[in-house]
Amino acid sequence: MNRLARERCSPQHAHTRLEAEEIPSLLEALSESWRLDGETLVRRFDFANYHETMAFVNASAWISHREDHHPDLSVHYNRVEVSYSTHDAGGLTRNDFICAAKLDVLDSL
Ligand SMILES: C[C@H](O)[C@H](O)[C@H]1CNC2=NC(N)=NC(=O)C2=N1
């Protein structure tokens, strides 16, 4: 499991917006499916059917609650679009990348 996925989100990270030069190396630690859309980190997860889609959404909700860091989710029949940014910081923080890494692990199980 990658090191970022083992980290825990923190209130300290939530108030520390990343500098532009910190972002490329963090993005590199994630699945290539993640992309930046302005100040938002976005990935689409594809599934076979609605049941699998909702099972993933529910598992991701457990991570969101435990980390107290919540993505925007766009839920469809066989896919979910996940968007991370940190409202408290008005942009990207390390918490966004930590949670994205955790979803990569979830998707790999
Ligand atoms: C009080 C609570 O910890 C904060 O409101 C958290 C909750 N989850 C959050 N999730 C995201 N994505 N951004 C935040 O700024 C944020 N803040």
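Per-chain numbering applies: the sequence of each chain, read as written, is numbered from 1 onward. Confidence filtering applies because this is a predicted model: local features only for residues at pLDDT of at least 70, side-chain atom pairs given and counted only at 80 or more, and all residues used for totals across whole chains, interfaces and linings. Hydrogens are left out, water is left out, and the side-chain values use all remaining heavy atoms of the structure.

- The name given to the protein chain in an unreviewed UniProt entry is Putative pterin-4-alpha-carbinolamine dehydratase, with Microvirgula aerodenitrificans as the source organism.
- In the Sequence similarities (unreviewed entry) part of its UniProt record, the protein chain is described as follows: "Belongs to the pterin-4-alpha-carbinolamine dehydratase family."
- UniProt positions are given in the numbering used here, feature names are shortened, and annotations may be inferred rather than shown by experiment. You can read under Catalytic activity (unreviewed entry) in the UniProt record for the protein chain the words "(4aS,6R)-4a-hydroxy-L-erythro-5,6,7,8-tetrahydrobiopterin = (6R)-L-erythro-6,7-dihydrobiopterin + H2O".

## Structural notes on the site of the ligand
Phase 1 of the analysis: Near the ligand, the surroundings consist of Asp68, His69, His70, Ser85, Thr86, His87 and Asp88.
Phase 2 of the analysis: Each polar contact in these results corresponds to two N or O atoms within 3.5 Å; when the atoms are within protein, one needs to be able to donate a hydrogen and the other to accept it, and residues that are neighboring in sequence are counted only if both atoms are side-chain atoms. Here an oxygen atom of the ligand and a backbone polar atom of His87 are 3.1 Å apart.
Phase 3 of the analysis: Surface exposure here means Shrake-Rupley accessible area, sampled with a 1.4 Å probe, where a residue is shielded only by the protein chains that are shown. When the ligand sits alone it has 390 Å² of accessible area, and the protein chains cover 68% of it.
Phase 4 of the analysis: As a working rule, the residues Ala, Val, Leu, Ile, Met, Phe, Trp, Tyr, Cys and Pro are called nonpolar, Asp, Glu, Lys and Arg charged, and the rest polar, with Gly in that last group. Classifying every residue of the shell around the ligand gives no nonpolar, 5 polar and 2 charged. One heavy atom within 4 Å of a molecule or strand is enough for the residue carrying it to be called near that molecule or strand.

## A word on the side chain of Thr53
Phase 1 of the analysis: When you line up the elements, Thr53 lands in helix H4 (residues 50-67).
Phase 2 of the analysis: Excluding anything up to four places from it in sequence, Thr53 contacts Phe47, Val75, His76, Tyr77, Asn78, Arg79 and Val80. Only DSSP runs of H or I with at least four residues qualify as helices, and only runs of E with at least two residues qualify as strands; both kinds are numbered from the N terminus onward. Should any heavy atoms of two residues lie within 4.5 Å, those residues are counted as being in contact.

## Looking at the sheet that holds strand S4 (residues 79-84)
Phase 1 of the analysis: Taken together, 4 strands build an open sheet; the order of strands is S1-S2-S4-S3 and the sheet is antiparallel. The open sheet terminates on both sides in strands that have one partner only, identified here as strand S1 (35-37) and strand S3 (72-75). Across this sheet, the average inter-strand angle for adjacent strands is 25 degrees, counted without regard to direction.
Phase 2 of the analysis: Strands pair, by our definition, only if DSSP identifies at least two bridges between them. Looking at chain direction, strand S2 (residues 40-46) and S4 are connected through 6 bridges and run antiparallel. Within the sheet, the bridge partner assigned to Phe45 lies in S4 and is Val80.
Phase 3 of the analysis: Packing of H4 onto the sheet brings it into contact with S2, S3 and S4, and relative to S3 it is tilted by some 170 degrees.
Phase 4 of the analysis: Helix axes use the C-alpha atoms of the stretch in contact, all axes being lines fitted to C-alpha atoms, and the angles between their N-to-C directions lie in the range 0 to 180 degrees. Those strands touched by helix H5 (residues 94-108) are S2 and S4, and its axis lies near 10 degrees from that of S2.

## Observations concerning the packing of aromatic side chains
To describe a pair of aromatic rings, you give the distance between the ring centres and the angle between the ring planes.
Phase 1 of the analysis: Working definition: a ring pair exists when centres of Phe, Tyr or Trp rings (six-membered ring for Trp) sit within 6.5 Å. Plane angles under 30 degrees give stacked, over 60 give edge-to-face, the rest tilted. Summed over all chains, the structure comprises 5 aromatic pairs.
Phase 2 of the analysis: Both rings, one in Phe45 and one in Phe56, keep their centres 4.7 Å apart while their planes meet at 35 degrees; by these two values the pair is tilted. With Phe45 in strand S2 and Phe56 in helix H4, this residue pair connects regions lying 11 residues apart in the sequence. Comparing Phe45 with Phe56, the two get one shared label, buried.
Phase 3 of the analysis: Plain terms: the ring middles of Phe47 and Phe56 are 5.1 Å apart, the flat faces sit at 40 degrees to each other, and that makes the pair tilted. For the residue pair Phe47 and Phe56, the accessibility class agrees, reading buried in each case.
Phase 4 of the analysis: Through successive ring pairs, a cluster of aromatic residues spans Trp34, Phe45, Phe47, Phe56 and Tyr84. Classification of residues uses two cut-offs on accessible area relative to the type maximum, computed with a 1.4 Å probe and protein chains only: under 20% is buried, over 50% is exposed, and between them is partly exposed.

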